[in-house]
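Observations on the model geometry
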Amino acid sequence: MSFRTYFDVPDADRSALGAQIAEQRRRVAARLAKVRRVVLVMSGKGGVGKSYLTAALARAIVGQTPSGVGVLDADLRSPTVARLLQASGPLSVRDDGVCPAVGVDGIKVMSTEFLLAEGKPLEWRGPTQERFVWRGSLEVGTLREFLSDVLWGELDVLLIDLPPGADGAVELGGLIPNLTGAVAVTIPSEESRASVGRTMGAAREAGIRLLGVIENMSGYRCDGCAATQPLFPGNAGVQLADEFHVELLGRLPFSLDGNLTAGLLGDAFMKVLA
Amino acid sequence: MKFLCIGCNQAMVFSERQEPGDGTFAAAFTCPQCGRAVALLANPMETQLVGALGVKIGGKVLDEAPMEFVRSKMMGRDDAFVDEGSVTDNGQRTTDNASSVRARWSVDAQARLDRVPAFVRGMVRKIYTDYALERRIAEITPAVMDQARAELGLEGM
């Protein structure tokens, strides 16, 4: 017995999976059409202060952006950027989308921080067996809706704070048609250089433009004597910038007053976007 | 997915879908020539795998509600969303200019809607309202909700 192929059988393709996925992508593109620059903030390593820097960067550039800045917290399981920007829910839902929360300096924010109950982890409905199989798809679907269904409006810059790891940049890079590029955040150590280097390599391989590197915690700034002392051994920021032929946008010392350094970083960032 | 009646060498025609519980998805197909009927039963993992793509199993019927994927898949806090155009005690939408052409909610249907978790309630209301609008149904009753559930596959809504 020989069967006909799927397309040989004259019956409607009821599920239209391909068309539905194409429609999802069209919605993302339509929503982001008014966003001039979409920038990923990434790091292969956790604990480098990426969310803190994303929030500081948003605040540093918002004065230079007539149409404003948005921040999408793509760290779905461990959201922090909303609190750093003093944004909170509930979120208003209109027929045409969900209004983002508005934080300090008028920065628009979307984060699972607004969706998850206090102290509860990110959990999904449905069968719990072998959940790891589809968890990645659920997270990508969530990020897709954060892009397509949030009423971002007109923005000069949308910063996307990625979770640690190389996957996020590659997955989101494929979803955002007008992605400007990515900024990598590292600390000075050799371990961080190796980890962030892998992420930058994966991003470049996926066709994502690398805009620059920020080295965070480049020493400890004493607020008393204003001297900067080393905090970690290493020179990862310079090494990564050399290796990938990108700009070192800033080396930020650890300081209780983050605003001291964020302003300079904002200028350097806007320069590479120009 | 298509079903072929081997005896007739005919494509079988979709006749019904159900989500009978525990995540099972059922779709029935009938041969237009001999009348033979078969049902496909997808297990919860298969259903979840396809659902995780954010696509409607069995095909898209209504336009997506805002954040429909997030609201139907994520376990979220009750006060996460404020749905503009919320329904008042008499069943009218408060901020929707088109409320005059939208369906009324019967008391029983509203009571049933109120039992839906708040995280998804506004979205569920919109889906039923759009369903009724598309079919020119004047009043949403529990029977209409059952009909919509069967047709759209609104498991747990």
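Residues numbered from 1 in each chain as written. Chains lettered and ligands numbered in written order. Predicted model: local features only at pLDDT ≥ 70, side-chain atom pairs only at ≥ 80, totals over all residues. Heavy atoms only, no water.

Concerning the packing of helix 6 (residues 190-205) of chain A against helix 7 (residues 236-244) of chain A
All names here are of chain A. Between helix 6 and helix 7, the least distance of the axes is 10 Å, while the angle of their chain directions is 30°. The angle between helix 6 and helix 7 falls in the class roughly parallel. Once helix 6 is placed against helix 7, the crossing between them reads as right-handed. Two secondary-structure elements touch here, helix 6 through E190, R193, V196, G197, M200, G201 and R204 and helix 7 through A236, Q239, L240, E243 and F244. By residue class, the composition of the contact of helix 6 with helix 7 is five nonpolar, three polar and four charged. (Axes fitted to C-alpha atoms, helices over the stretch in contact; angles between N-to-C directions. Helix = DSSP H or I, 4+ residues; strand = E, 2+ residues; numbered from the N terminus. Parallel < 35°, antiparallel > 145°, perpendicular 65-115°, else oblique. Left-handed = near helix turned anticlockwise from the far one by under 90°. Contact = heavy atoms within 4.5 Å. Nonpolar A, V, L, I, M, F, W, Y, C, P; charged D, E, K, R; others polar.)

Re a nonpolar patch on the surface
Residues and elements named next belong to chain A. A surface patch of nonpolar side chains, about 340 Å² in accessible area, is lined by Y220, L231, F232 and F254. Position of Y220 relative to the elements: it lies in strand 9 (residues 210-221). According to the relative accessible area criterion, Y220 is partly exposed, its value standing at 36%. (Patch = residues over 30% accessible without salt bridge, like charges linked within 9 Å, V, L, I, M, F, W, Y side chains within 5 Å. Areas by Shrake-Rupley, 256 points an atom, 1.4 Å probe, with all protein chains shown as cover. Salt bridge = Lys/Arg side-chain N within 4 Å of Asp/Glu carboxyl O. Buried < 20%, exposed > 50% of the residue type's maximum accessible area, 1.4 Å probe, protein only.)

As for the interface of chain A and chain B
Each side of the interface is counted separately: chain A has 50 residues, and chain B has 47 residues. Between chain A and chain B, roughly 4,300 Å² of surface is buried when both sides are summed, and carbon and sulfur atoms account for 61% of that area. At the junction of chain A with chain B, the criterion picks out zero salt bridges. At the junction of chain A and chain B, the tally comes to 15 residue pairs in polar contact (both at pLDDT 80 or more). Of all the secondary structure elements, the ones that give two or more residues to the side of chain A that touches chain B are helix 1 (17-32), strand 3 (91-94), strand 4 (97-98) and helix 4 (132-148) of chain A. With nine residues, the single largest contributor to the side of chain A that touches chain B is helix 4 of chain A. (Buried area = accessible area lost by both parts, 1.4 Å probe. Polar contact = N/O pair within 3.5 Å; in protein donor to acceptor, adjacent residues only side chain to side chain.)

A few points about the confidence of the model for chain B
Residues and elements named next belong to chain B. When pLDDT is averaged along chain B, the result is 79, and 81% of the positions lie at 70 or above. Here helix 1 (residues 44-51) stands out as the element of chain B with the lowest mean pLDDT, 76, in contrast to strand 1 (residues 4-5), whose mean of 92 is the highest. In this model residues 86-100 is a low-confidence stretch, pLDDT under 50, and it forms 22 contacts with partners more than four residues away in sequence or in other chains. Across the predicted assembly, pTM comes out at 0.82 and ipTM at 0.84. (pLDDT = per-residue confidence, 0-100.)

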